[in-house]
Structures are given as C-alpha cells and as structure tokens.
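# Commentary on secondary and tertiary structure
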Amino acid sequence: MKNIALCFITLLFSASALFSQPQRVKGKLSSVKDTADLTILNIYPDSFPNVSVVFKAETRKGEPVWNLTKDKMNVHENNQSCRVVSVEQISKNKPINLGIVIDHSGSMEFDNMQLYDKNGTPLFQMDSSYRLYVPKSYVAPIEKAKAAVKTFVSSFNIKKDSISIIAFGDKVDGQLALTEDVKAINSLIDTLHADGSTALYDAMLQSLTLINQSSGIKVLVVLTDGQDNSSKNKWSDVIKAANQNEIPVYIIGLGDVNVDTLKMIANATKGQFYFTQSSKSLDTIYAKISKKVQAFYNLIYSSTNFSTADTTRQIELSFDTDSLYLITNKAAANFPTEVMALLEKKEQEKERQKDYLLYGSIAFAVLVSIGSILVYFKKREPLTIPPAAIKLIYPNPSNGIINIDYEGAANAQLQIIDRMGNPIKSFNLSNHETQFDLSELNNGDYLAVIQSEYGVSNAVNFVLQH
C-alpha cells in the first residue's frame, strides 16, 4: 500500500512590511519510513500573482530528496486553494549567487597526510637550512584547493548563475565581484599561493557583502585549513550577517581547524560543515556541496490575494511523498520592495477605475447590503441638490484606519454597513472629516454610505483585515 506523508508549512507575513520584513515559517510532517528535513530558503513574489517558494528537502543522512513533483503538491493561502503552476529543481531557472571563500594562508602549503605514512614515518627530507624536500607525488593543499574550486565552478550554469571569489591570508587580498566570467574566476584562482596567517571571519563577511548585492538564491561556500588569528570581526558577526540576509553558509574544514566553531556557524545559518584531514578529499566534498546547493526546489503558485494592506496571510504547502517523513525547519522569507510597488500600482489603477477586487463572498455581501440599504434609507423625492458622493476609500483592504475621499457631504453622516445590511457605526461629517478609525470592528466586508438631507450617496465596498 502506498505510504503517504504530508508536510504542512505555515507562513505568516505582515502586510505592513509585506515584502521587506523577514517572517518565520513553521510546520511538520508525519512519518512513515525515512526522515528528512525540509528548509524554506526564501519566497519570491517577483512575478506576482505568481509566487515562488524556494525550499530544499534532505534526508537525515544529508542526501537530497529528489522525488517532489507538481502532482504531489498542494498550496493553500488563507485557507483558499491556490493553483500550483510548477515545481522544479532550482538549478533549472532560478539564479544562484555563489560566494566562494578560499584560504591561502601559509599552512595551505602543507598536508601531513601526504608528508607522513600511516605509521607516522616522515616521507619528506629537510636539509641543514630547513628546506623541505617532499615526495614527487606531493601536491600542496593550495593546489588541490585551486583545482577543486575550478571544478566546483564548472558544475554551475554560468548562463544564469553568478560567482564571487574572496581569497585571504592574513587579510582579504583577492576579490572578484559576482560575475559569469569563468576566465576571470579561474585567472584569480591561478594567482593564489600559500602565505600569511588566517583572517577567516573578515573574508566571510566580505563575501557575504558581495553576494548580497544581487537577487536570487545566495549561498556562501568557505574553505579554511586553520583557526582565525587575524580578523577584526568575530564568528558571531558572520552568523548575524548571514542570517540577516538569509544566506546559508557551507564550510569545509581542512586539518587543524576549530571544528566546533565552524560547525556552529554552518548550523546557525542553515548550511553544513564538512571536515577532512586530507586535501585529496576536497573534490568529493565540493561535489557534494554543488549537489546540495543546486538541489533546492522552486515551487510556483498563483495567488488570489492582491491586497497590499493584508495584515496576515497564511500559506500551507502540503507534500504527498512515498515512504518519507519530512520535518520543516524554521526559515525566514524576504519579499522585494519592488513587488510592493507593483501591487500598489495595480491597486491604484483599480481605484481609479473604481473596480475593486471582490471575492465571491464579498460580491454576495455587496448585493445583500445594497438591498438592505434601500430598505434602511427611506425613499426621497428628487431634489435639485444632488446627494453626497464617495469617490474613493483607501487603503482597501484596511487594517482599521480608512480614508474617504468624498464631496457634497456638509452636515451629513457617514454610515458603516455590515454584510447583512445592518448599520453598525456612524460618524458626523460636519467638520469634513476624511479619516475614520474602525479598528474596533471585526475583520470582514463592509459598505460605506453618506446620508444627508439631500439623499443617500453611492455605496462603496471595503474590507477590514486586522
């Protein structure tokens, strides 16, 4: 019998900072056989109403989960089912901004795994001037690292992905901003040679700054073979900067490193730490990181909520997977401000056209309310002076404070009508007030009308969403 596991991810985000403030994502799945971690990396509504949700799914053994497809996915926003447009691996279309940090300190010249045999017998010789003579087969870690990084770079789709290089010894002395120029990347890598001490944290912070300047997926991959002894910054500064900008940090520790600190940095930023005693393992480790970095999924769904003032939205993603237990980790999501501007533009256009976005229930409420208004307000004989007119209510939806642009309403009364046609709140307009506090009212759909001795104005629908 098919075993099914469901993953429910709940995302709450504030509309007042709809596309600027990071929020938390929570959720969990049920278990059958294997166990995996699902991590939300970010959410990109840059093609709104299509919303892109980027996540990764891995087994507890660190292997990517590859079998998540569109037919296994369901999305709900504010309990409303949304159409899933696509689900695909991130490497197929979303740009990856990759920061690569390379340690070329003096210790990168020496690899004890190549200088001693398994019994601890030296395989090198040293003359009276302390010049070291290594075996013919010896390859310095810095050379192994340079070759591994070049192969790592070649594993990405350079037509869409951008790569930045930061090299360091006792200071950051090699830097290349995000680029798609593989020749420039390889040229910088070729210039590296082992010397100096270790300014690891300064280099990591510099790389975070470089890759954060572009949109898309951002990932930092770091190689070091020593403990930091030259930085002005601290490991805590690296974690803070990475988390503020939602950048996972993958770290390779080679030889004599502070395993606990490096592992803490990687775990705290939703990355991963790898340790090896031999530079011969670098190719294998970089290959694993390449697979993980490119194993993110990009789910795109179509949102039905065009509000720029929605105070709370709840998104649920559900996955049907065979024999798999997924558990979501907490994640943060940032939304670009240009999307907010796009939605505001759409809303303004609709306001100018007086064509407000009405859901099915709202449309029904309007019909009921208008019918009730005709009953509530007595018919009046035609007058030479026209009744008041409401030109615009904004923001709509509102979090409790509404502004009304109206005319011809001296000594009149603003009436707020609920969806059943019952007047529930009124304001005197003798002083030409334009702003009204409705924060005491429940969330829902309402109508605003102005009653005066000359008749009843047009009725305008608005929504309260605290």
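Read on for an overview of the structure. (Residues numbered from 1 in each chain as written. Predicted model: local features only at pLDDT ≥ 70, side-chain atom pairs only at ≥ 80, totals over all residues. Heavy atoms only, no water.)

This brings us to the overall build of the protein. If you tally the helices and strands in the protein, you get 9 helices and 28 strands. Sequence-distant contacts, at least 24 apart, represent 72% of the contacts inside the protein between residues at least 6 apart. Just so you have it, the protein exposes about 22200 Å², and 49% of that area is on carbon and sulfur atoms. (Helix = DSSP H or I, 4+ residues; strand = E, 2+ residues; numbered from the N terminus. Contact = heavy atoms within 4.5 Å. Areas by Shrake-Rupley, 256 points an atom, 1.4 Å probe, with all protein chains shown as cover.)

Attention now moves to the pattern of salt bridges. This model, assessed by the stated rule, comprises 4 salt bridges. The residue Lys 150 makes a salt bridge to Asp 190 at a minimum N-O spacing of 2.4 Å. Taken together, the residues span a long stretch of sequence, with Lys 150 in helix H2 (residues 141–154) and Asp 190 in helix H3 (residues 182–190) at a distance of 40 residues. Judged by its relative accessible area of 28%, Lys 150 is partly exposed. (Salt bridge = Lys/Arg side-chain N within 4 Å of Asp/Glu carboxyl O. Buried < 20%, exposed > 50% of the residue type's maximum accessible area, 1.4 Å probe, protein only.)

Now for the sheet that holds strand S8 (residues 96–103). Strands sit in the order S12-S11-S8-S13-S14-S15 across an open sheet of 6 strands; the sheet is mixed. The open sheet is flanked by strand S12 (172–179) and strand S15 (272–276), the only strands paired with a single partner. For this sheet, the mean angle separating the axes of adjacent strands, direction not counted, is 10°. (Pairing = 2+ DSSP bridges. Axes fitted to C-alpha atoms, helices over the stretch in contact; angles between N-to-C directions.)

Next up on the list: helix H5 (residues 235–244). Listing the buried residues of H5 in full gives Val 238, Ile 239, Ala 241 and Ala 242. Backbone geometry just after H5 places Glu 246 at a positive phi near 55°.

Two elements in contact, H2 and H3, have axes whose closest approach is 10 Å; the angle formed by their N-to-C orientations is 170°. Relative to H3, the element H2 lies roughly antiparallel. Where H2 approaches H3, its residues Lys 146, Val 149, Lys 150 and Val 153 are matched on the opposing element by Ile 185, Asn 186, Ile 189 and Asp 190. A breakdown of the residues in the contact of H2 with H3 according to their chemical character gives 4 nonpolar, 1 polar and 3 charged. (Parallel < 35°, antiparallel > 145°, perpendicular 65-115°, else oblique. Nonpolar A, V, L, I, M, F, W, Y, C, P; charged D, E, K, R; others polar.)

This paragraph deals with H2. Taking 1.5 Å per residue as the helical rise, H2 with its 14 residues ought to reach 20 Å, and the 20 Å between its terminal C-alpha atoms agrees with that figure. Listing the buried residues of H2 in full gives Pro 141, Ile 142, Ala 145, Lys 146, Ala 148, Val 149, Phe 152 and Val 153. Lining the buried residues of H2 we find S8, strand S11 (162–168), H3, strand S13 (217–224), strand S14 (249–254) and helix H7 (282–293). (Expected span 1.5 Å × (residues − 1).)

Looking along a regular strand, one sees the side chains alternate between the two faces of the sheet. Most of strand S16 (residues 297–302) sits out of view: 6 of its 6 residues are buried. Neither face of S16 is open: one carries Tyr 297, Leu 299 and Tyr 301, the other Asn 298, Ile 300 and Ser 302, and all of them are buried. Note: strand S5 (residues 50–59) against S16, 6 bridges, orientation antiparallel. Bridge pairing in S16 places Val 54 opposite Asn 298. Both strand S7 (residues 80–89) and S16 contribute to a ladder of 6 bridges, which runs antiparallel. Considered in S16, the bridge of Ser 86 is made with Ile 300.

Everything listed here is a matter of geometry and, on its own, says nothing about what the molecule does.
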